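Analysis of the macromolecular model
Here is what each chain is made of, one letter per residue.
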Amino acid sequence: MDATFLARFQFAMTIGFHFLFPPISIGLGWMLVLVETLGWRTANDTYVRMGRFFAKMLALTFAVGVATGIVMEFQFGTNWARYSTFVGDIFGAPLAAEGVFAFFLESGFLGLYLFGRGRVSKGVHWFSALMVALGATISAFWILVANSWQQTPTGFEVQGGRAVLTSFSDAVFNPSMWVRFFHTMSAALVTGAFFMAGVSAYLLLRGNGGDVAPRALRLGIVAGLAFSVISAFPTGDLHGRQVARDQPEKLAAIEGIYTSQRSAPLALFALPDAGPPPRLRAAIEIPGLASFLSYGDFDAEVKGIDAFPPDQVPPLWITFVSFHNMVLLGGLFVAVTALGVFLMWRRRMDGARWYHGLVLAVSWLPLAACQFGWVAAEVGRQPWTVYRLLRTADSVSVTVGVPELLFSIVLFGLIYLALLGLYLFLLVREANHGPDPAGEVA
Amino acid sequence: MDLVTLQGTWFLLFGVLLIGYAILDGFDLGVGMLSLFERDPARRGQHMDVIAPVWDGNEVWLLTAGGALFAAFPPVYATVFSGFYLAFMLLLAALIFRAVSFEFRHKVDSPAWRSLWDWSFGLGSLVPALLYGVAVGNVLAGLPIARDASGGFLWQGSFLGLLNPYALLVGVTGLAMFLTHGALYLAFKADGVVAERSGRLAPRLWIAWVALWVLATMASVLVSPWLFAGMLGNPLFYLLLALALASMVAIPVWSRSGGHGKAFLASSTAIAAQTGLAGLSLFPRLVPSSIDLEGASMTIHNASSSVRTLTVMLVIAGVGMPIVIGYTAFIYRVFKGRISPGQFYGAHGPGGH
């Protein structure tokens with residue numbers, strides 16, 4: 001086994017596991033802002049207890065997110081020393097800004113939000129919920145700035161073997177930053193809305209939801225529909241066009257286009273086969289749609305994998321499959337929530353136990369979609385850590401060998417497995433306990 | 001600002017972040033370690049209650065220091081962190097266990113479960129507290145760094161090399177420092193038995209801190225005499241030394257008379273002054289090389305980012321940190337007063353049933 005593979009495996013494992021939690025924290029954070037706003041402005045006791053109930057789950061999620069996030073701040077240096085040296089002049093600033101503008105804000109106000117009820121006014125308590133959500137969002141902004149710069153680097157020049165900043169605003173507002181931010185944010189909001197809907201459906205099925213669960217389910221379904229639609233259009237659509245413009249190799253990989261062609265079809269479903277000859281098996285395709293979605297013209301030429309040097313293209317299979325899974329899941333989210341809104345309109349939501357079961361069954365899938373999306377984005381960037389500038393193989397720490405990597409992979413693998421088990425165990429316990437019944441609010 | 005001024009400023013600001021971490025998370029770590037000596041489950045839990053609303057924000061100082069080091073001095077971040085690989089993995093594992101123990105401990109009403117997370121909290125505090133001093137000790141002694149053919153820095157050490165006697169001495173000194181600091185915080189913020197015991201314990205821990213600090217300073221003269229070159233002619237040295245001595249003397253005086261809040265401020269000042277002295281003796285080096293002090297040490301001049309990046313970072317810090325300090329002070333004020341067992345993680349706290 002070579003060290004580069006192990007370092008990549010470790011990074012994928014640690015960031016993949018960490019990235020289960022921030023989308024929930026961000027999405028649930030904003031759902032709680034909505035709930036706390038309703039509770040504060042309407043003085044309706046149901047929303048106050050809804051806030052308390054979901055705040056416990058936010059606290060649990062946040063704790064595991066923080067614990068696994070600490071690793072991220074340091075492992076660029078430990079595992080990717082050559083990368084860190086190359087990009088430090090640019091990449092470090094957003095990480096530091098994330099600490100200054102986001103981590104302090106969310107952690108400080110989370111303490112106030114969780115423990116400050118009764119010590120501060122209702123307005124200040126509401127404000128602390130807002131700051132937690134805002135902090136998580138600012139955190140997403142800065143880390144996506146850093147990530148986007150890897151994908152579409154601008155605002156620098158290479159001097160003496162490292163990238164030197166020439167324009168901070170060009171580096172921050174690089175071509176893929178805004179679309180990536182909005183698409184990731186909308187995905188996080190979907191995740192939070194589905195989390196709330198899924199927990200509520202679970203409570204309704206168990207019969208311990210009181211007056212909280214029916215309302216929380218409705219909030220989750222309506223928000224889930226709105227954000228699912230936004231994730232596809234405009235944010236997903238714009239992100240796709242941006243990839244077509246800035247990273248054509250990645251586009252070829254996610255769409256499964258082996259050979260350059262005009263009027264490229266969009267594969268809804270297919271199994272990529274590297275061949276020879278390379279082709280898509282069992283493909284269900286819509287002619288010309290890939291050209292249209294990428295360039296706004298059904299006749300436009302889309303470059304295929306064959307248009308690029310073989311040592312500069314990403315692996316197609318995993319990129320293609322991840323991307324398509326994400327898109328299919330996105331369609332599922334719209335369908336399930338639209339069905340829910342229909343049931344609400346026909347006033348059949350409360351008795352529809354089959355629908356509650358369906359919501360519970362799909363409620364975790366936005367996390368899978370988030371993971372698929374990231375795999376498509378990051379594997380699609382290969383073989384580079386910084387697109388067309390620095391290869392992944394030239395990024396790893398030279399001083400860290402296979403034994404150290406194996407040791408830390410096993411160590412963190414075991415810790416993360418335990419954390420996942422504990423998180424789920426405690427989440428279910430919290431849900432089984434259910435929200436406080438009416439009339440028991442302190 | 002010109003490059004040299006910016007480099008000096010960022011040396012200072014990185015020091016401020018480390019001092020902020022040592023003072024703020026320092027008492028958290030001390031409280032965590034002291035919880036290991038408490039037998040009663042309710043009072044053990046009280047150690048968590050005392051720092052519940054603030055510990056997470058305190059730990060952010062470490063993350064921000066890490067980010068600032070990456071941004072301002074990338075070769076240091078890259079070379080030292082990859083060199084300290086196993087130590088960092090240990091630190092990260094400890095911080096993970098510590099972070100989750102707050103949320104996990106009070107969720108299940110079972111002695112074995114609570115005990116598990118008590119240990120996780122205590123040991124998760126002990127390891128970072130020890131490694132902090134061990135890291136400082138290794139930097140003061142110089143790290144095995146050489147220059148490679150292209151002028152970059154190359155790590156040539158091993159994990160076991162980091163556990164040398166001098167670094168361990170500085171590590172234990174740090175432990176005594178954080179323990180004293182944590183005991184003073186408990187004496188000030190907890191109520192009942194925990195406050196009383198901690199108040200009695202603090203002056204004793206202080207004796208260990210003083211003794212170890214003097215010992216570590218003497219050992220530094222032997223291990224790294226160059227740290228002291230030029231210090232005697234530097235007025236800042238005398239200022240920091242006076243501050244360190246005065247605040248060290250003030251700790252037991254105030255602590256014995258029951259002024260634990262003032263004693264805590266004194267120990268905060270002592271931490272700042274002692275860290276400042278270590279920083280001053282290193283300046284302008286960030287990481288001295290034990291192989292070639294003149295040729296291969298990482299300094300603020302040969303390991304910094306560009307003028308533009310350092311300027312941008314200065315703006316970020318200048319805009320952001322006053323706001324951070326403002327709302328952090330507000331949050332501490334909201335949670336003023338003594339804290340009882342179960343106050344935050346008790347029957348009606350978040351997650352409590």
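It should be emphasised that the depicted structure is a prediction, and the values quoted were computed from it without experimental measurement.

**Comments concerning the overall build of chain B**
A count of helices and strands for chain B gives 13 helices and four strands. Relative to the globule expectation of 20 Å for 353 residues, the C-alpha radius of gyration of chain B, 21 Å, shows essentially globular dimensions. Summarising its shape, the C-alpha atoms of chain B cover approximately 60 × 40 × 40 Å along the three principal directions. For chain B, the proportion of its 353 residues judged to be buried stands at 61%. For chain B, restricting intrachain contacts to residue pairs at least 6 apart in sequence, the fraction spanning at least 24 positions comes to 78%. Carbon and sulfur atoms provide 72% of the accessible area of chain B, an area that totals close to 13100 Å².

**Digging into the nonpolar core**
Counting residues in each nonpolar core, the largest one holds 243 residues, and the members touching the most others are F54 of chain A together with F104 and W209 of chain B. The dominant element in this core, judged by the number of residues it contributes, is helix α4 (residues 81–115) of chain A, at 19 residues. Excluding residues within four positions of it along the chain, F54 of chain A makes contact with L28, L32, M196, V199, S200 and A216 of chain A. Counting 13 residues, the second-largest nonpolar core is a separate cluster that includes L266, L289, V302 and F323 of chain A.

**What about the interface of chain A and chain B?**
The partner chain B presents 67 residues to the 73 residues of chain A that form the contact. Taking both sides of the interface into account, the surface hidden between chain A and chain B amounts to around 6000 Å²; carbon and sulfur atoms contribute 76%. The largest share of the area that chain A buries against chain B comes from F74, F104 and F115 of chain A, three residues that together contribute 14% of it. Remark: the boundary between chain A and chain B carries one salt bridge. Residue E430 of chain A pairs with K107 of chain B through a salt bridge whose shortest N-O separation is 2.8 Å. Those elements giving two or more residues to the side of chain A that touches chain B turn out to be α3 (45–79), α4, β2 (162–165) and α14 (402–433) of chain A. Here the residues of the side of chain A that touches chain B are counted per class, giving 44 nonpolar, 20 polar and nine charged.

**Some details on the packing of α14 of chain A against helix α5 (residues 85–105) of chain B**
Contact geometry for α14 of chain A and α5 of chain B: axes closest at 11 Å, N-to-C directions at 5°. Accordingly, the angle class assigned to the pair α14 of chain A and α5 of chain B is roughly parallel. On α5 of chain B, the residues touching E404, L405, F407, S408, L411, F412, I415, Y416, L419, L422 and L426 of chain A of α14 of chain A are Y85, L86, M89, L92, A93, I96, F97, V100 and F104 of chain B. For the contact of α14 of chain A with α5 of chain B, the residue count by class is 18 nonpolar, one polar and one charged.

**Points about unusual backbone geometry**
Backbone geometry follows two general trends: most residues other than glycine have a negative phi, and most peptide bonds adopt the trans configuration. Put simply, F233 of chain A and P234 of chain A share a cis peptide bond, and its omega is 10°. Looking at where P234 of chain A falls in the secondary structure, it is placed in helix α8 (residues 212–246). Of note, the amide linkage connecting F283 of chain B to P284 of chain B takes the cis form, showing an omega dihedral of 0°. Within the fold, P284 of chain B resides in the loop between α11 (260–282) and β3 (285–287). Phi is positive for A43 of chain A, close to 55°, though the residue is something other than glycine. Along the chain, A43 of chain A falls in the loop between α2 (22–42) and α3. For A43 of chain A, a relative accessible area of 63% translates into the label exposed.

**Looking at the pattern of salt bridges**
Tallied over the full model, the rule gives 21 salt bridges over all chains. Between R391 of chain A and D311 of chain A there is a salt bridge, and its shortest N-O distance comes to 3.4 Å. Of this pair, R391 of chain A sits in strand β8 (residues 390–391) while D311 of chain A sits in the loop between β6 (301–302) and α11 (316–345), placing them 80 residues apart in sequence. For D311 of chain A, a relative accessible area of 46% gives the class partly exposed. In this structure, the salt-bridge partner of D118 of chain B is R105 of chain B, at a minimum N-O distance of 2.6 Å. Residue D118 of chain B is found in helix α6 (residues 111–141), and its partner R105 of chain B is found in helix α5; the two are separated by 13 residues along the sequence. For the residue pair D118 of chain B and R105 of chain B, the accessibility class agrees, reading buried in each case. Here the residues in one salt-bridge network are D45, R49 and D211 of chain A, joined through shared partners.

**What to know about the side chain of S306 of chain B**
Positionally, S306 of chain B belongs in the loop between β4 (298–299) and α13 (307–334). Not counting the four nearest positions on each side in its chain, S306 of chain B is found in contact with D89, V164 and L165 of chain A together with L3 of chain B.

**Description of the packing of aromatic side chains**
Residues and elements named next belong to chain A. Under the defined criterion, the tally for this structure stands at 52 aromatic pairs over all chains. Cation over ring: R346 sits above W345, and NZ or CZ is 5.5 Å from the ring centre. Directly above the ring of W384 sits R391, whose terminal nitrogen or CZ lies 4.6 Å from the centroid.

**Looking at the environment of S84 of chain A**
With respect to the element layout, S84 of chain A can be found in helix α4. Residue classification places S84 of chain A among the buried positions, given a relative accessible area of 0%. Separated by 311 residues in sequence, S84 of chain A and S395 of chain A place their C-alpha atoms 7.9 Å apart. In this view, S84 of chain A contacts F76 and G77 of chain A together with F70, P74, Y77 and A78 of chain B; residues no more than four positions away in its chain are not counted.

**Considerations on α13 of chain B**
Taking 1.5 Å of rise per residue, the 28 residues of α13 of chain B would be expected to cover 40 Å, and the 40 Å separating its terminal C-alpha atoms lies within 8% of that figure. Of all bends in α13 of chain B, the biggest is about 25°, found at G320 of chain B, and the proline P322 of chain B comes one to four residues later. Looking at α13 of chain B, one finds that the buried residues are T309, L310, V312, M313, I316, A317, G320, M321, V324, Y327, I331 and V334 of chain B. Where α13 of chain B is buried, its residues contact α4, β2 and α6 (168–172) of chain A together with α1 (3–35) and α3 (55–72) of chain B.

**Brief notes about the environment of P435 of chain A**
Residue and element names in this part refer to chain A. One can find P435 in the segment after α14. When the C-alpha atoms of P435 and S322 are compared, they prove to be 37 Å apart, with 113 residues separating the residues in sequence. Excluding residues within four positions of it along the chain, P435 makes contact with F53, L203, N208, G209 and V212.

**A closer look at the pairing of strand β1 (residues 156–159) of chain A**
Residues and elements named next belong to chain A. Bridging between β1 and β2 involves four bridges; their strand directions are antiparallel. Its bridge partner lying in β2, E157 is registered against V164. The turn joining β1 and β2, which pair antiparallel and follow one another in sequence, is formed by two residues; a positive phi near 55° is taken by G160.

**Describing the confidence of the model for chain B**
All names here are of chain B. For chain B, per-residue confidence averages 92 on the pLDDT scale, and 98% of positions sit at 70 or higher. Segment residues 347–353: pLDDT under 50, and 20 contacts once partners within four positions in sequence are set aside and those in other chains are kept. For this predicted complex, the interface score ipTM comes out at 0.91, alongside a pTM of 0.93.

**A look at the packing of α8 of chain A against α11 of chain A**
All names here are of chain A. The geometry of α8 relative to α11 is characterised by a closest axis approach of 8 Å and an angle of 135° between their N-to-C directions. In terms of axis orientation, α8 runs oblique to α11. Considering how the two elements wind past one another, α8 and α11 form a crossing that is left-handed. Mapping the contact onto sequence places R218, I221, V222, G224, L225, S228 and V229 in α8 and F333, V334, T337, A338, G340, V341 and M344 in α11. Residue classes in the contact of α8 with α11 are distributed as nine nonpolar, four polar and one charged.

Reading guide: rules and limits
- Position labels on residues start from 1 in each chain and follow its written sequence.
- Numbering of ligands from 1 and lettering of chains from A proceed in the order in which they are written.
- Local features in this predicted model are restricted to residues of pLDDT 70 or higher, and side-chain atom pairs are both shown and tallied only at a pLDDT of 80 or more, whereas totals for entire chains, interfaces and linings draw on every residue.
- Working from all heavy atoms in the structure, the side-chain values ignore hydrogens and water.
- Helix and strand definitions here come from DSSP, where helices need a minimum of 4 consecutive H or I residues and strands a minimum of 2 consecutive E residues; each element is numbered from the N-terminal end.
- For a compact globule the rule gives 2.2 Å times the number of residues to the power 0.38, and the radius of gyration it is set against comes from C-alpha atoms.
- Each residue's exposure class comes from its accessible area (1.4 Å probe, protein chains only) as a fraction of the maximum for that residue type: buried when under 20%, exposed when over 50%, partly exposed otherwise.
- Residue contacts follow a heavy-atom distance rule, with two residues in contact if any of their heavy atoms lie within 4.5 Å.
- Values of accessible area rely on a 1.4 Å probe in the Shrake-Rupley scheme; residue burial ignores everything except the protein chains shown.
- The definition of a nonpolar core used throughout is a set of buried Ala, Val, Leu, Ile, Met, Phe, Trp, Tyr and Cys residues joined through side-chain atoms within 4.5 Å.
- Accessible area that two parts lose when put together, with a 1.4 Å probe and added across both, is what the buried area reports.
- By salt bridge we mean one thing: a side-chain nitrogen of Lys or Arg within 4 Å of a carboxyl oxygen of Asp or Glu.
- Gly is put with the polar residues, along with every residue not named as nonpolar or charged; the nonpolar set is Ala, Val, Leu, Ile, Met, Phe, Trp, Tyr, Cys and Pro, and the charged set is Asp, Glu, Lys and Arg.
- Convention adopted: a line fitted to C-alpha atoms gives each axis, helices being fitted over their contacting stretch, and angles between N-to-C directions are expressed from 0 to 180 degrees.
- Note on angle classes: values under 35 degrees are labelled roughly parallel, values over 145 roughly antiparallel, values of 65 to 115 roughly perpendicular, and the remainder oblique.
- By convention, a stacked pair of Phe, Tyr or Trp rings (six-membered ring in the case of Trp) has centres within 6.5 Å and planes under 30 degrees apart, an edge-to-face pair has planes over 60 apart, and any other such pair is tilted.
- The rule is short: NZ of Lys or CZ of Arg within 6 Å of the ring centre and within 35 degrees of the ring normal puts a charge over the ring.
- Multiplying one less than the number of residues by 1.5 Å gives the expected span of a helix.
- In this scheme, the bend at a residue equals the angle between the axes fitted to the seven residues that finish there and the seven that begin there.
- Strand pairing is assigned whenever DSSP detects at least two bridges linking the two strands.
- The pLDDT value tells you how sure the predictor is about a given residue, anywhere from 0 up to 100.
- Should the near helix be turned counterclockwise from the far one by less than a right angle, the crossing is left-handed, whereas a clockwise turn marks it as right-handed.

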